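Tertiary structure, described
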Amino acid sequence: MDLTTFLIQTLNGVQYGFLLFLVASGLTLIFGIMGIINLAHGAFYMLGAYIVYWLMGYTDNLLIAVLVGLPIMLAVGYLIERFAISYLYDRDHLYQVLLTYGLILIFNELQKIFWGTDFYSVPVPSVLGGSVTLTETQVYPVYRLFISLICMTIAAGMYVLIGRTRLGMMIRAGASNREMAQVLGINIGRVFAIVFSLGAALAAFAGMVGAPISSVYPGMGDQILIISFVVVVIGGIGSIKGAFVGAMLIGLADTFGQVLLPDFASVVVYAVMALVLLWRPQGLFGKA
Amino acid sequence: MTKKSESSRRHFIAGVAATAGLAAAGSFVPTRFAIGVAAPVKVGILLPYSGTYAMLGNSITNALKMRIDQAGGKLGGRAVEYVALDSEMSVPKAPTNTNKLIKKEKVDFLVGPVHSGIAAAMAKIVGPRNAPIMIVPNAGHNGITGSLCAPNIFRTSFSNWQPAFPGGKVMADDGHKTCVTIAWKYGAGIQMMAAGKENFEKHGGKVVKDIQVPFPKVEFQAFLSEIASIKPDAVFSFFSGGGAVKFVKDYAAAGLKDSIPLYGPGFLTEGVSKAQGAAAEGIKTTLHYAANLDSDANRKFRADYEKAYGASANVFSVQGFDTGSLLLQAMAAVGGDTGATKDLISVMEGATIVDSPRGAWKMSKAHNPIQDIYLRQVKSGENLVLGVAAKNLEDPATGCSMA
């Protein structure tokens, strides 16, 4: 592999890592802070993509579609937390798994009822439709670079939100000791509702901005769910920083695994996960 | 015990049919509804109705029912009861689902599946039992009409070898000397790439790299960069459904489309070319069907399908439609006697589907269609036929004792 190819593949890996981070960040937020195993995360991702496809039928403008779609998903997340998840905080993880698995089935069925089983695509916004020349044969779509930029913004935004704001402080307090936080006058129920809707919206947002490059089809959320869990587990449950590093690690491992070890391409990611967990069972940035 | 009593019942029915005629036979068929009314023919269907391939399952089922409804909604004079199960595209669940249809529902015919892995699992159960008659309306696994072939297993679609093999010659004819193949690493992908390679190298080409993408992964950037660095004359590829949409779009977005033309079996652009948009324009593929085939049968089929389901027909619905035609032919010949398995098999074996939207085709000795493979090109979102890439192409049926 010459230097140019190496650099291009690195770019591919980092870019894939950004995409993974975008999906996994919401999962680690819900999983780590609320202790909820949210299997429906992939369904939210799918829903985001379909909502954008649907709204694009009216506006033709991706930005407007995302701006309209996000409040919808925040509301969906809020309602699900209030009317379903909130009853299970004191229960075993198995109940949460059952509930959120049920949600997958419901959302998949709703998707089929509303949008059918056809494959759709969302056009790349024309402003970002250009491409950057890499070599004489390959160019790189500007939109992919734009997604990386968005992911960096989200990462920074979440870092500030959790670490530097009052809401973030309440979230962290609730995560480490729910009863004590409540005694101190924090409305934990509300905080958790906010966290869950944020997580759902993040997953949907990933589906929305990813729609132009991923296309929109039934079952698209199921595939993303597993790899998101891998990222979260590697990074350490609940750690945004961990999700970021984990996503980059998986993005690069997957890309170079496919190029250098094509026969083992499908297991490289899981081998990396196994190695990381052997070394640090709590994940790279997880609390022991 | 059960088996014995079943077979004696069949003999009884067959005997009655021979002597007393069909109408009388109908009234002797045991029924759980009402005495004196013929029990409906049970058609078990195992197809994906959820997930990535849900569109395929729906297209096949719709067209199958449409065909039978057009013929009066009856098979050999008996009403039809459909028992459809969602295969969920799960190979581990295939044996359970198959047994459920055979043993619990006691279906007379088994239609399915879409996925090659499930097809192999089903064939291994259905083949050795010699019953019921199974009709594969999509899954192309070469082995179904090859090493796993059986008298009671038929296919109305294609073998993986069929739509891919002529593609190799198409690339060579277009003057390409080197090629990279890229496909999902599972039955269909591996078999199709092998067939394309076989014919490409036979005509002087050379496959310089065989890229296998883990199924059902749809992140292609790393592979596209690899193709760009190899710079072959052409790329031969199999993806289907959502993967096909994304691969074709990514391929164009990476700037490869104009410098390294993309070829492949028609699934690359079938039923998805609208979602692919401009990225699919000009791609040449080979398949046993094209939307604009110039025949009355095809025009009528497309108009009827559009009217009934509000969607465009595709190759999958053609396969479902022909499955219906095959059932109608066979059941008419035995007068609705589903117990006459041997007769049903011999009718199906000799069947020619004259009014197929894809053009007339004949069943081979291995129970796979002998059919024309068309060369198609995407123009304004439609797969338009350029010509016949291979006339009356018969699968080699490697390993089949019946061929």
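Residues numbered from 1 in each chain as written. Chains lettered and ligands numbered in written order. Predicted model: local features only at pLDDT ≥ 70, side-chain atom pairs only at ≥ 80, totals over all residues.

Remarks on the overall build of chain B
If you tally the helices and strands in chain B, you get 13 helices and 15 strands. Taken over C-alpha atoms, the radius of gyration comes to 22 Å for chain B, in line with the 22 Å a tight globule of 403 residues would show. On the principal axes, the C-alpha backbone points of chain B span a range of 70 × 40 × 35 Å. Taken across its 403 residues, chain B has 58% of its residues classed as buried. (Helix = DSSP H or I, 4+ residues; strand = E, 2+ residues; numbered from the N terminus. Rg over C-alpha atoms; globule rule 2.2 N^0.38 Å. Buried ≥ 20, exposed ≤ 12 C-beta atoms within 10 Å, placed from the backbone.)

Observations concerning the domain arrangement of chain B
Interface size is commonly expressed as the accessible area that is lost once the parts come together. All names here are of chain B. Here the domain parsing of chain B yields domain 1 (40–158 + 294–370) and domain 2 (161–287). Taking only C-alpha atoms into account, the centre of domain 1 sits 29 Å from that of domain 2. If you look at the interface, domain 1 gives 12 residues, while domain 2 gives 14 residues. Secondary structure elements with two or more residues in the side of domain 1 that touches domain 2: α5 (116–129) and α12 (315–333). Class assignment of the residues belonging to the side of domain 1 that touches domain 2 gives a composition of five nonpolar, seven polar and no charged. (Domains from an automatic or database assignment. Contact = placed C-beta atoms within 7 Å. Nonpolar A, V, L, I, M, F, W, Y, C, P; charged D, E, K, R; others polar.)

Things to note about the confidence of the model for chain B
Residues and elements named next belong to chain B. Per-residue confidence for chain B gives a mean pLDDT of 90; residues scoring 70 or more make up 91%. Contacts of residues 1–36 to residues separated by more than four positions or lying in other chains number 33 contacts, the stretch itself having pLDDT below 50. Model confidence for the complex is summarised by a pTM of 0.86, with the ipTM given as 0.87. (pLDDT = per-residue confidence, 0-100.)

Overview of the pairing of strand β10 (residues 262–265) of chain B
Residue and element names in this part refer to chain B. Relative to β10, strand β9 (residues 234–238) runs parallel, the two being bridged by two bridges. Its bridge partner lying in β10, Phe236 is registered against Tyr263. Between the parallel elements β9 and β10, the chain passes through helix α9 (residues 241–253) in a crossover that is right-handed. The sheet contact formed by β10 and strand β11 (residues 284–287) spans three bridges and is parallel. Bridging across to β11, Gly264 finds its partner in Thr285. (Pairing = 2+ DSSP bridges. Right-handed = clockwise from strand over helix to strand, strands pointing away.)

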